[in-house]
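Listed below, chain by chain, are the residues.
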Amino acid sequence: MSDDTSLLAILEQQLGKRAVLRDPADQARYLSDWAGNRLGMPLAVVRPASTAELAEVVALCREHGVAMTPQGGHSGLVAGALPASDGRELVISLERLNRIRDIDPVNFSMTVDAGCILETIKQAAAEHDCDFPLSLGAQGSCQIGGNIATNAGGLNVLRHGMMRQLVLGLEVVLPDGRIWNGLNTLHKDNRGVDLKQLFLGSEGTLGIVSGAVLKLVPKAEQSRTALLGLPSVEAVIDLYVLARRGCSDLLTAFELIPRRCIELAMEATPSLSDPMEEAHPWYVLMEVAATGPVDLSAMLEQLLERGMERELVLDGALASSENQSLQLWQFRESMLEGQRLRGEHLRTDISVPISAIPAFVTEATEAVMAASPDCEIIAYGHVGDGNLHFNILPPGTLDNDAKHDHLHALETTLFEVLDGFDGSISAEHGIGRAKQAAYLSRLSPMELELARGIKTLLDPDGLMNAGRILPAR
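Cut-offs applied
- Residues numbered from 1 in each chain as written.
- Predicted model: local features only at pLDDT ≥ 70, side-chain atom pairs only at ≥ 80, totals over all residues.
- Heavy atoms only, no water.
- UniProt positions renumbered as here; feature names shortened; annotations may be inferred.
- Helix = DSSP H or I, 4+ residues; strand = E, 2+ residues; numbered from the N terminus.
- Rg over C-alpha atoms; globule rule 2.2 N^0.38 Å.
- Buried < 20%, exposed > 50% of the residue type's maximum accessible area, 1.4 Å probe, protein only.
- Contact = heavy atoms within 4.5 Å.
- Areas by Shrake-Rupley, 256 points an atom, 1.4 Å probe, with all protein chains shown as cover.
- Lys, Arg positive; Asp, Glu negative; His and termini not counted.
- Charge placed at Lys NZ, Arg CZ, Asp CG, Glu CD.
- Pairing = 2+ DSSP bridges.
- Axes fitted to C-alpha atoms, helices over the stretch in contact; angles between N-to-C directions.
- Core = buried A, V, L, I, M, F, W, Y, C linked by side-chain atoms within 4.5 Å.
- Domains from an automatic or database assignment.
- Buried area = accessible area lost by both parts, 1.4 Å probe.
- Salt bridge = Lys/Arg side-chain N within 4 Å of Asp/Glu carboxyl O.
- Nonpolar A, V, L, I, M, F, W, Y, C, P; charged D, E, K, R; others polar.
- Parallel < 35°, antiparallel > 145°, perpendicular 65-115°, else oblique.
- Left-handed = near helix turned anticlockwise from the far one by under 90°.

Under an unreviewed UniProt entry, the chain has the name FAD/FMN-containing dehydrogenase and belongs to Halomonas daqiaonensis. Its UniProt record gives the chain a comment under Sequence similarities (unreviewed entry), which states: "Belongs to the FAD-binding oxidoreductase/transferase type 4 family."

If you want it as structure tokens, here you go:
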């Protein structure tokens, strides 16, 4: 019996055959991500049902020298949770670790298993008149462990921060199978190095998050949404400054949307109709929310008036009900599906200083169009944190192989422009495999030495999500 076969036999004996999927037909849904990317077949898919079982799986993998691929809700976009093509990696799915362990509405905290679906967490918090403010398009399928491993951002970063700001404590199974219990519920704790931050954003390369203590906030009693038409990206930034100062911490979202995205949303969701009588080059989808006696409608109306006086805002649609608000947000959700329906295209999640967004969009557009006059640029994103999705649809005349090569060349061009703004090639999706080369080429020797040192210290055998972020040893 080979070592790999021996490992699978032991896992079946310890966890039960239901927890070990060896049939390719049973493995199918674990082999691709939301974007449809697929690399290869795993050795098997293992589905532990508790932290103790997860630790046992990891310890056995280390003993047998088998590489591990932690996997959450399949919503990643950088191929970080897909099994390698060599068929030697064991996929460890956390989908059965899905308990909400505790909710403390007085402490505004919640302790959960890593496999909990984000939407489930938000619903559970709402039952206690609280909110977990992470908001993502994939929240109906993504798991909180994956959100933690990738330091997810989303729509509410402007007000509530990324996952790094929303996690109080972690429970992590280390690469040798030991369990680090850092499930701290304290809001302030200054005892030395904050170890949990090592695992936030590490994409499963340093250990597998099995549980977390999340920070909750009071549930907003009211919110108001507006979709505004603007003439330019410069006007969008000027309006953002007005909104940030006028609405302060009540501003929860401020999204930049080009006209093309409105069109893509209506193509993907025919029930949507044009939100304004005239089309505008750019739009802002913004939301304010509050608890207590705050007149949000008056606040938005005043902002709209000031924006129009300064010729920043051309027109606007203000939601007067929750249903109207949901319909406005549907444009933001459906435009993603509209892009996906166009087939392979370049997805990016870059960031620049907020003040540099107009200049970057101009320079990047000029550089990309010079390299590919027939491509289509779709630049949108979260203005409040400088995160842009500068996406590119390739010319329709190219075959699949040519499209892939063409998009890779355009990504290189885009990143070169980004470097001139001291921007980041990844603001929220992570590095995974897809951005590894671009990431490594921009690391200083000291940064690479430190990153490798941390990896070697925690995972000396290099078995934990090998080949993601850093090259496999």
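A few words on the overall build of the chain. Looking only at helices and strands, the chain has 16 helices and 18 strands in total. Here the C-alpha radius of gyration of the chain, 23 Å, is about what a compact globule of 473 residues would show, namely 23 Å. Projected onto the principal axes, the alpha-carbon positions of the chain cover approximately 75 × 55 × 45 Å. In the chain, which comprises 473 residues, the proportion classed as buried is 53%. Contacts in the chain between residues at least 24 apart in sequence constitute 73% of all its contacts with a sequence separation of at least 6. Accessible area of the chain: about 20500 Å², with a carbon and sulfur share of 50%. Computing the positive centroid from 39 side-chain charges and the negative centroid from 63, the chain places the two 6 Å apart.

Turning to the sheet that holds strand β1 (residues 20–21), a few remarks are in order. Spatially, the 4 strands line up as an open sheet ordered β1-β2-β4-β3, and their pairing is mixed. The open sheet terminates on both sides in strands that have one partner only, identified here as β1 and β3 (68–71). Across 3 bridges, the pairing between strand β2 (residues 44–46) and strand β4 (residues 90–93) is parallel. In the strand pairing of β4, Ala44 is matched with Leu90. Packing of helix α1 (residues 3–15) onto the sheet brings it into contact with β1, β2 and β4, and relative to β2 it is tilted by some 25°. Helix α3 (residues 51–64) rests against β2, β3 and β4 of the sheet, and its axis sits at about 165° to β4.

Let us look at the nonpolar core. In this structure, Leu239, Leu251, Phe254, Met286, Phe360 and Phe390 are the most contacted members of the largest nonpolar core, which totals 57 residues. Counting residues per element, this core draws most heavily on helix α9 (residues 233–247), which supplies 9 residues. Each of domain 3 (222–341) and domain 4 (350–431) contributes no fewer than three residues to this core. Excluding its chain neighbours within four sequence positions, the residues that come into contact with Phe360 are Ile350, Val352, Thr365, Leu388, Phe390, Leu414, Val417, Leu418 and Phe421. Counting residues in each nonpolar core, the second largest holds 55 residues, with Ile92, Leu134, Leu174 and Leu216 among its members.

What the domain assignment reports for the chain is domain 1 (3–93), domain 2 (100–218), domain 3 (222–341) and domain 4 (350–431). Each of domain 2 and domain 4 has a C-alpha centre, and these two points are 30 Å apart. The interface of domain 2 with domain 4 comprises 9 residues on the first partner and 8 residues on the second. Buried area between domain 2 and domain 4, summed over both chains or domains, comes out near 560 Å², and the portion from carbon and sulfur atoms is 50%. At the surface where domain 2 touches domain 4, the tally comes to 0 salt bridges. For the side of domain 2 that touches domain 4, the class distribution of residues is 4 nonpolar, 4 polar and 1 charged.

This next bit is on the packing of α9 against helix α13 (residues 357–371). Look at α9 against α13: their axes get within 8 Å of each other, and the N-to-C directions meet at 160°. Taken together, the axis directions place α9 and α13 in an arrangement best described as roughly antiparallel. Relative to α13, α9 is oriented so that their crossing is right-handed. Note on element contacts: α13 touches α9 through Ile357, Pro358, Val361 and Thr362, opposite Val233, Glu234 and Ile237.

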